[in-house]
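These are the residues of each chain, in order.
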Amino acid sequence: MSRPGKKRSRATLPDKEGPAAKFTKSKTQEEEASMMPAAKERNSKPVGSRTGKATKEAACPSEQGSKQAYSHWLMKSEPESRFEKGVDVKFGIEDLKAQPNQTACWDGVRNYQARNFMRDMKVGQEAFFYHSNCKEPGIAGIIKIVKEAYPDHTQFDKKDPHYDSSSTKENPKWSMVDVQFVRMTKRFIPLSELKTQHQAHRASGGPLKDMTLFTRQRLSIQPLTDEEFEFVLSLEEKSS
């Protein structure tokens, strides 16, 4: 069930470094040659839709085999208006807070690896709500997973920017989860600060040395190790 009035697309475009950075839309195709198994349909209708969360991501094959289990995440969404096929895909953390029970479905993801990360999410796990494609990208708050992966309804809606004609209700390609607002971070943690920490940790071997935000920056759904999550959380206590 789409959120009335506004939709927010989860596919997030590549982030800007700051206000002066030039905005460029990724032209990379999101479809991959091999299709991963579709998720089983779990429940019927989603809660409030956040059709602004989707970021246009560069497709990349999912990594199976020795798969690492994650319990923390970073999820990107766009807090500023951007129209896709006539639909405003804006959805910032304030939009989530305004939803009934401060809960919304995270629809619109059209990248296989990002989708697979969502399928790995468990109820109760926490994620950073990351503002992307805006004047100052960065972490605005914390959300939690309240419903595990189930079919994304927007893939079947011809009027939705994320409609996929190749997906069927019998064999849906795309999944979403439901998230709920937990709290704002004590201060906004900008991308520029995270990048400085990442660069320092690459030299020192610190916890952010391999942070996906910088190694796979186009992904709108990103895993975090416990060490990464705790270190980033500690930054809210420090003055910028």
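So, how was this worked out
- Per chain, residues are indexed from 1 in the order of the written sequence.
- Note on the predicted model: pLDDT of at least 70 is required for a residue's local features to be given, and 80 or more for side-chain atom pairs to be given and counted; whole-chain, interface and lining totals, by contrast, use all residues.
- Remark: hydrogens and water are excluded; side-chain values derive from all non-hydrogen atoms of the structure.
- Here a helix means four or more residues in a row that DSSP labels H or I, a strand means two or more in a row labelled E, and each is numbered from the N terminus.
- Note on classification: 1.4 Å probe, protein chains only; a residue is buried when its accessible area is under 20% of the maximum for its type, exposed when over 50%, partly exposed between these limits.
- Any two residues whose heavy atoms approach within 4.5 Å at even a single point are treated as in contact.
- Within 3.5 Å is the distance limit for a polar contact, defined as a pair of N or O atoms, with the added protein rule that one can donate a hydrogen and the other accept it, and that residues adjacent in sequence qualify only through two side-chain atoms.
- As used here, the term nonpolar core means buried Ala, Val, Leu, Ile, Met, Phe, Trp, Tyr and Cys residues forming a set that is joined through side-chain atoms within 4.5 Å.
- We define a salt bridge as a side-chain nitrogen of Lys or Arg found within 4 Å of a carboxyl oxygen belonging to Asp or Glu.
- Any pair of Phe, Tyr and Trp rings, taking the six-membered ring for Trp, is counted once the centres come within 6.5 Å. Such a pair is stacked with planes under 30 degrees apart, edge-to-face with planes over 60 apart, and tilted for the rest.
- By definition here, charges over rings are those cases where NZ of Lys or CZ of Arg is within 6 Å of the ring centre and within 35 degrees of the ring normal.
- Strand pairing follows a simple DSSP-based rule, namely that at least 2 bridges must link the two strands.
- With axes taken as lines fitted to C-alpha atoms, and helix axes fitted only over the stretch in contact, angles between N-to-C directions fall between 0 and 180 degrees.

**Student:** Help me out: how do you make sense of the overall build of the protein chain in this one?
**Tutor:** The helix and strand tally for the protein chain stands at five helices and ten strands. Of all 240 residues assigned to the protein chain, the portion counted as buried reaches 56%. A separation threshold of at least 6 residues defines the contact pool for the protein chain, and within that pool the share at least 24 residues apart is 81%.

**Student:** Even after reading the chapter, I still don't get helix α2 (residues 112–120), so can you show me in this structure?
**Tutor:** Since the α-helix packs 3.6 residues into each turn, any two residues three or four apart lie on the same face. Counted residue by residue, α2 has eight buried out of nine residues, so it is predominantly covered. Looking at α2, one finds that the buried residues are Tyr112, Gln113, Ala114, Arg115, Asn116, Phe117, Met118 and Arg119. On its buried face, α2 sits against β3 (72–77), β8 (138–151), β9 (175–190) and β10 (221–224). For α2, the N-terminal cap is Asn111; the gap from its side-chain oxygen to the backbone nitrogen of Gln113 is 3.0 Å.

**Student:** In this structure, what is going on with the nonpolar core? I would like to understand it.
**Tutor:** Soluble globular proteins: nonpolar side chains tend toward being buried together. Grouped together as the largest cluster of nonpolar side chains are 23 residues, with contacts concentrated most on Met75, Trp106, Val177 and Ile221. Of all elements in the fold, only β3, α1 (93–97), α2, β7 (126–131), β8 and β9 reach the threshold of two or more residues within this core. Considering each element in turn, this core owes the most residues, four residues, to β8. Core analysis: the next-biggest nonpolar cluster, separate from the first, contains 18 residues, Tyr130, Leu191, Leu213 and Leu224 among them.

**Student:** When you look at the pattern of salt bridges in this model, what are you seeing that I'm missing?
**Tutor:** Oppositely charged side chains may form a pair once their charged atoms are brought near each other. Tallying each qualifying case throughout the model produces nine salt bridges. Its salt-bridge partner being Asp152, residue Arg110 comes within 3.0 Å of it at the nearest N-O pair. Of the two residues, Arg110 is situated in the loop between β6 (103–105) and α2 and Asp152 in the loop between β8 and β9; the sequence distance between them amounts to 42 residues. By relative accessible area, Arg110 is classed as buried at 7%. A salt bridge links Glu236 to Arg183; its shortest N-O distance comes to 2.8 Å. Remark: Arg183 occurs in strand β9 and Glu236 occurs in the segment after α5 (226–234); sequence separation between them is 53 residues. Arg183 sits in the partly exposed class, given a relative accessible area of 28%.

**Student:** What is the right way to read the packing of aromatic side chains from this model?
**Tutor:** To describe a pair of aromatic rings, one takes the distance between the centres and the angle between the planes. Enumeration according to the criterion identifies five aromatic pairs in this entry. Between Trp106 and Phe129 the ring centres are 5.6 Å apart and the planes differ by 75°, which places this aromatic pair in the edge-to-face class. Residue Trp106 is located in the loop between β6 and α2, and its partner Phe129 is located in strand β7; the two are separated by 23 residues in the primary sequence. Residue class for Phe129 comes out buried when judged on its relative accessible area of 0%. Three or more aromatic residues link up through ring pairs in this structure, and these residues are Tyr70, Trp73 and Phe117. Sitting over the ring of Tyr150, Lys147 keeps its end group 3.7 Å from the ring centre. Positioned above the aromatic ring of Phe156, the side-chain terminus of Lys169 is 5.8 Å from the ring centre.

**Student:** It is not clear to me how unusual backbone geometry should be interpreted in this structure. Could you clarify?
**Tutor:** Peptide bonds are trans in most cases, and residues, glycine excluded, mostly fall at negative phi. Although it is not a glycine, Lys85 sits at a positive phi angle of roughly 55°. Relative to the helices and strands, Lys85 is located in the loop between β4 (83–84) and β5 (87–88). Assessed through its relative accessible area of 66%, Lys85 is described here as exposed. In this structure, Gln102 takes a positive phi of about 50° despite not being glycine. Within the secondary structure, Gln102 is located in the loop between α1 and β6.

**Student:** Looking at this model, I keep getting lost on the pairing of β9. Mind explaining?
**Tutor:** Put simply, side chains in a regular strand alternate between the two faces of the sheet. Pairing of β6 with β9 involves three bridges; the strand directions are antiparallel. Following the sheet pairing, Cys105 is matched in β9 by Asp178. Relative to β9, β8 runs antiparallel, the two being bridged by ten bridges. Looking across to β9, one finds that Lys147 is bridged to Asp178.

**Student:** Explain the sheet that holds β9 here, please?
**Tutor:** Note on sheets: strands pair through backbone hydrogen bonds, and any given pair is parallel or antiparallel. Spatial strand order, β6-β9-β8-β7-β3-β10: six strands in an open sheet with mixed pairing. Among the strands making up the open sheet, the edge pair consists of β6 and β10. Here the strands of the sheet are splayed against their neighbours by 35° on average, with no regard to which way each runs.

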